[in-house]
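# Remarks on the overall topology
Chain residues, written in single-letter form:
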Amino acid sequence: MSSSTRYDFDTVVDRRGTWCVQWDGVADRFGVDGLLPFTISDMDFETAPEVLSALRARLDHGVFGYTTWQQDDFRSAIAHWYATRYGTRIDTGQLVYGPSVLSQLSQLLQMWTAEGEGVVVHAPTYDGFRKAITGLGRELRGVPVGDTTAALERELARPDSKVLLVCSPHNPTGRVWTEAELSEMSALAARYGVAVISDEIHADFVHEGHAHVPWTRVGGDGRWAVISSASKAFNFPALTGSYGLIGDPADRAEFLRRMETAEGLASPAVLSLTAHIAAYREAGAWLDEARAYVAGNLALVAKRLNEAFPELGWQPPQAGYLAWIDLRPAGVGDDEALQRVLIEREKVAVMPGAVYGAEGFVRLNVGCPRSKAEAGVEALIRAVRAVAP
């Protein structure tokens, strides 16, 4: 930790034996225990001290009865965050609550689509979206991230395309959509009567030179919902908890009815509410430093990759701590061969591009101390050298 920073991101926190998916669950996905993981999108940092302090104070109270999210402390904290971070005034009457972003997505898909109908997404596609869409019997219709508006319009114009699911910023590529791009998506969705769900859970990790635009600014009178959570940016997903904004009052009432009756969610997790309020009210400085630190990790990845393989010309993402790397220019086209070397020789776990529908790519999580990020990129370089022609 330098003299100019308030927070420590260099210290390694041993997460093994804490039931965490990234470290303790590595064998479930990769078949081998003990790998150094760069996988699921949570970070190896302790959450902000301000959040920890609020949680300790709530624990000291000692009573954990049924709780409501429909109170001003929670709602005003979200409004404060949008106003100070995004210069956006939200209508707190549009807020809803869910145990997770994906649970909200599932409910909205069930409200707005029927089995066999289409959900349009940008490809490559976050695997949680793929599972939710196909698991509900809906058809995933991918439009490549870099494609023209015409390609998106073609899919939205299909009579049975009912929802456009926007990942904003985009996972896994880290793309930050401009206001003009989002406005164009909104206009197309309105033209063809397609509802929009905007997953903005990565919004708080947009890097210098880019700006997140909430869908609330572009959605207009169309049918739309925003789903988000402080858990990604402040690293407390295990506390559960997410919130959303739904534009149409009837849709909002139906969503709340489903959550409170069909899903039995009458009482949210009180520690999640506590953490959200503290994060949004008190921990902005921690987030700014965490994002700057991660940007340093991404710059390290770029430097080492491009030194080893100049043909990659890899650039850090516009948002997030997930390095989405196209290895095809270095001669890597076989995910299985690369994974064998990474797992068996290098003893690291890195997400293969095939998980997101893109062979020849990897997604390397560098939301971690720099020492771990260095180990990960060096292992990846050695593995690429081993399999490249």
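Notes on the structure in this doc start here. Because the structure is predicted, anything quoted here is derived from the model rather than measured.

### A look at the packing of helix H13 (residues 335-345) against helix H14 (residues 370-387)
The contact between H13 and H14 brings their axes to 9 Å, and the two run at 130 degrees. On the basis of their axis angle, the class for H13 and H14 is oblique. Both H13 and H14 take part in a crossing whose hand is right-handed. On H14, the residues touching Ala337, Leu338, Val341, Leu342 and Arg345 of H13 are Ala379, Leu380, Ala383, Val384, Ala386 and Val387.

### Re the environment of Val387
Counting through the fold element by element, Val387 comes out in helix H14. Sequence separation of Val387 and Ala302 is 85 residues, and the distance between their C-alpha atoms is 20 Å. Those residues within four positions of Val387 in sequence are excluded, and the remaining contacts are Val332, Ala337, Leu338 and Val341.

### Side note on the nonpolar core
Where a protein is soluble and globular, its nonpolar side chains tend to be buried together. Counting residues in each nonpolar core, the largest one holds 116 residues, and the members touching the most others are Phe234, Leu305 and Ile325. Element by element, the count of residues in this core is highest for helix H12 (residues 284-308), at 11 residues. The contacts of Leu305, once residues within four sequence positions are left out, are Leu312, Trp314, Ile325, Val377, Leu380 and Ile381. Among the nonpolar cores identified, the runner-up in size contains 11 residues, and Leu35, Trp324, Ile343 and Tyr356 belong to it.

### Thoughts on the pairing of strand S3 (residues 118-123)
Burial within S3 is extensive, with 5 of its 6 residues counted as buried. After leaving S3, the chain enters helix H6 (residues 127-135) and then returns to the sheet as strand S4 (residues 139-144), a path that is right-handed. Here 4 bridges tie S3 to strand S5 (residues 161-167), and the two strands are oriented parallel to one another. Each residue of the ladder has a partner; that of Val121, found in S5, is Leu165.

### A closer look at the environment of Thr261
Structurally, Thr261 is set in helix H10 (residues 249-262). A polar atom in the side chain of Thr261 sits 2.4 Å from the backbone oxygen of Arg257.

### Overview of the pattern of salt bridges
One pass over the structure, following the stated rule, counts 24 salt bridges. A salt bridge links Glu139 to Arg141; the nearest nitrogen and oxygen atoms lie 2.7 Å apart. Residue class for Arg141 comes out buried when judged on its relative accessible area of 4%. Beyond isolated ion pairs, a larger network of salt bridges with shared partners links Glu139, Arg141, Glu155, Arg158 and Asp160.

### Here we look at the sheet that holds S5
Spatial strand order, S2-S8-S7-S6-S5-S3-S4: 7 strands in an open sheet with mixed pairing. With one partner strand each, in any of the chains shown, strand S2 (95-98) and S4 form the two edges of the open sheet. Strand-to-strand twist of the sheet, defined as the mean angle between neighbouring strand axes without regard to direction, takes the value 25 degrees. Here S3 pairs with S4 via 6 bridges, running parallel. Pairing of Val121 across the sheet is with Gly142, part of S4. Sheet strands in contact with helix H5 (residues 101-112) are S2, S3, S5, strand S6 (195-199), strand S7 (224-228) and strand S8 (242-246), and its direction is about 165 degrees off that of S7.

Quick notes on the rules
- Residues numbered from 1 in each chain as written.
- Predicted model: local features only at pLDDT ≥ 70, side-chain atom pairs only at ≥ 80, totals over all residues.
- Heavy atoms only, no water.
- Axes fitted to C-alpha atoms, helices over the stretch in contact; angles between N-to-C directions.
- Helix = DSSP H or I, 4+ residues; strand = E, 2+ residues; numbered from the N terminus.
- Parallel < 35°, antiparallel > 145°, perpendicular 65-115°, else oblique.
- Left-handed = near helix turned anticlockwise from the far one by under 90°.
- Contact = heavy atoms within 4.5 Å.
- Core = buried A, V, L, I, M, F, W, Y, C linked by side-chain atoms within 4.5 Å.
- Buried < 20%, exposed > 50% of the residue type's maximum accessible area, 1.4 Å probe, protein only.
- Right-handed = clockwise from strand over helix to strand, strands pointing away.
- Pairing = 2+ DSSP bridges.
- Polar contact = N/O pair within 3.5 Å; in protein donor to acceptor, adjacent residues only side chain to side chain.
- Salt bridge = Lys/Arg side-chain N within 4 Å of Asp/Glu carboxyl O.

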